[in-house]
Amino acid sequence: MNLTNLVWIFFSAAVINNFTLSLFLGLCPFFGVSSKIGTAFRMGVANIFVMVITVIASWALETYVLVHAPYLQLISYIVVIASTVQFVEMVIKKMSPSLFRALGIFLPLITTNCAILGLALFSVSKGYGLVEGIFYALGAGVGLTLALVLMAGLREDVELADTPKIVKGTAMNFFIAGILSMAFMGFAGLFASH
Amino acid sequence: MTAQSDRERAVTELVKGIWRENPVFVALLGLCPAMAVTNSAINALAMGGATFFVLVGSSVLVSLLRSWIPKQVRITTFIVIIATFVTVADYSLHALAPAVYKELGAFIALIVVNCIILGRQEAFASRNSVGLSALDALGMSAGFTLALFMLGSIREVLGNGSFFGVPLFGAGFEPWVVMILPPGGFLTMGTLLMIFNWLSERRKRSAQLLLEGGAA
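The structure presented is a predicted model; accordingly, all values stated were derived computationally and were not measured. (Residues numbered from 1 in each chain as written. Chains lettered and ligands numbered in written order. Predicted model: local features only at pLDDT ≥ 70, side-chain atom pairs only at ≥ 80, totals over all residues.)

Engineer: Before we go on, may I ask you to explain the overall build of chain B in this structure?
Structural biologist: A count of helices and strands for chain B gives eight helices and two strands. Going from N to C terminus, chain B has its helices and strands arranged as α-α-α-α-α-α-α-β-β-α. C-alpha atoms of chain B, sized along the principal axes, occupy 65 × 60 × 30 Å. Across the 216 residues of chain B, 42% fall into the buried class. Restricting to contacts in chain B with at least 6 residues of sequence separation, those with at least 24 account for 75%. (Helix = DSSP H or I, 4+ residues; strand = E, 2+ residues; numbered from the N terminus. Buried ≥ 20, exposed ≤ 12 C-beta atoms within 10 Å, placed from the backbone. Contact = placed C-beta atoms within 7 Å.)

Here's what the structure looks like:
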């Protein structure tokens, strides 16, 4: 496990295999809370936090518990994720009530954000250890935040543009996402030697 | 409540999910699987089938247990029930159809976090009788499968020039590869939503014209 490898894991998860734009994970918050840049950024940070805790917990579960009962994998992961989200929710409610209101229903819905469970499952199936897993989680979280912020920035501008009535709203958001996703495909050639 | 209206109610619960309250196109739920596994028609159907099993199973079980589940821990209870059904679906599919399982990858396991399923438990199954919950689950999963199948067919036909793996066009057809790549999912979905908006807009306008014509 050397540093190059960790950097590679980080960038691979953040831009090349961006969780939202290439793997289609976490689309609910991607479309739901991307109307303002500030909220989108904070949502991303909350996600990074939950991701890192989840990946640590899933590593511990995988190493000490699930070797004896592999069929409990999904159930135990989702319980860990649900409790972490509950914890984050309480912290945010205490620290910043305004952010709590801005995130609204999407905060408890981090539980059902496929990016979190997907991260835990991918991290295990790729055979990552603890440190690699944490870098993977950080990369995925940064990638998610990047996608959210980019999307929010574009949406803020398109909102003011004169678009036909039938593409206003969700249809337009999908077109923006499609174009962003195409742009991210360009990263596929990065680090070709790997 | 008479027998007649009971039956009407049952039909309403069954039919609403298929089109009028379609979980993907109208409620915009379950977008992750709707984008990720719809690069071919067969994958879309397999995903629809697995979701059907999980949604109907957990709706019936939640509805049966609804008076025993404490309100404070209901979400956790629902999700554990859902995770159990998904584990069953995951292991069964792995044993029965290894090729499809390999194609869908982690997305079978990710049915756990499909918002449609948790949403139906919270909004419907935890408040209604077993029969109605089963019908609601049937309708919703049919609507989900329909949406996936539409997306999957369009993307496969355009992106690969085939339908269920059978080539449709001659050798001269240049496939639009982008359609089966990630951006294609977003673009297909955007185009479909745009067409639906256009249709409903047109219907509204013709209704308006009819009204004005009647007044004149």
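Engineer: Is there a simple way to explain unusual backbone geometry in this structure?
Structural biologist: Most peptide bonds take the trans form, and the phi angle of most residues other than glycine is negative. The residue Leu28 of chain B is not glycine, and still its phi comes out positive at about 55°. Tracing the sequence through the fold places Leu28 of chain B in the loop between helix H1 (3-16) and helix H2 (31-36).

Engineer: Any chance you could explain helix H6 (residues 114-125) of chain A here in plain terms?
Structural biologist: In an α-helix, one full turn covers 3.6 residues, which means residues spaced three or four apart are oriented alike. Residue and element names in this part refer to chain A. Here H6 spans 16 Å end to end across 12 residues, near enough to the 16 Å set by a 1.5 Å rise per residue. Counted residue by residue, H6 has 10 buried out of 12 residues, so it is predominantly covered. Those residues of H6 not exposed but buried are Cys114, Ala115, Ile116, Leu117, Gly118, Leu119, Ala120, Leu121, Phe122 and Ser123. Remark: Gly127 follows H6 within two positions and exhibits a positive phi of approximately 70°. (Expected span 1.5 Å × (residues − 1).)

Engineer: Is there a simple way to explain the environment of Phe85 of chain B in this structure?
Structural biologist: Looking at the element boundaries, Phe85 of chain B is found in helix H4 (residues 74-96). Setting aside residues up to four positions removed in sequence, Phe85 of chain B forms contacts with Val54, Gly57 and Ser58 of chain B.

Engineer: What is the right way to read the interface of chain A and chain B from this model?
Structural biologist: Accessible area lost upon the coming together of the parts serves often as the stated size of an interface. Taken together, the contact between chain A and chain B spans 32 residues of the former and 32 residues of the latter. Elements supplying a minimum of two residues to the side of chain A that touches chain B: helix H2 (27-32), helix H4 (73-95), H6 and helix H8 (170-185) of chain A. Its residues assigned to classes, the side of chain A that touches chain B comprises 24 nonpolar, seven polar and one charged. (Nonpolar A, V, L, I, M, F, W, Y, C, P; charged D, E, K, R; others polar.)

Engineer: Just checking my understanding: could you explain the packing of helix H1 (residues 3-16) of chain A against helix H7 (residues 130-160) of chain A for this structure?
Structural biologist: Angle between the axes and distance between the axes: these two values describe a pair of packed helices. Residues and elements named next belong to chain A. For the pair H1 and H7, interaxial distance at closest approach is 7 Å and the crossing angle is 30°. The orientation of H1 relative to H7 falls into the category roughly parallel. Regarding H1 and H7, the two cross each other, and that crossing is right-handed. Together, Leu6, Ile9, Phe10, Phe11, Ser12, Ala13, Ala14 and Val15 of H1 and Val131, Glu132, Phe135, Tyr136, Leu138, Gly139, Ala140, Val142, Gly143 and Leu146 of H7 make up the contact between the two elements. By residue class, the composition of the contact of H1 with H7 is 14 nonpolar, three polar and one charged. (Axes fitted to C-alpha atoms, helices over the stretch in contact; angles between N-to-C directions. Parallel < 35°, antiparallel > 145°, perpendicular 65-115°, else oblique. Left-handed = near helix turned anticlockwise from the far one by under 90°.)

Engineer: I'm lost on the nonpolar core in this one. Help?
Structural biologist: In summary, soluble globular proteins display a tendency toward joint burial of nonpolar side chains. By size, the foremost hydrophobic cluster in this structure holds 111 residues, and its most contacted members are Leu117 of chain A together with Ile82, Val86 and Val112 of chain B. In terms of residues, this core owes the most to one element, H7 of chain A, which gives 12 residues. Other than its neighbours up to four places away in sequence, Leu117 of chain A contacts Tyr77, Ile78 and Ile81 of chain A together with Leu110, Val112 and Val113 of chain B. (Core = buried A, V, L, I, M, F, W, Y, C linked by C-beta atoms within 7 Å.)

Engineer: What am I meant to see in the confidence of the model for chain B here?
Structural biologist: Any region with low pLDDT has predicted coordinates that should not be read closely. Summary statistics for chain B give a mean pLDDT of 87 and a share of 97% for residues scoring 70 or more. Model confidence for the complex: the whole-complex pTM is 0.87, and ipTM, which rates the interface, is 0.85. (pLDDT = per-residue confidence, 0-100.)

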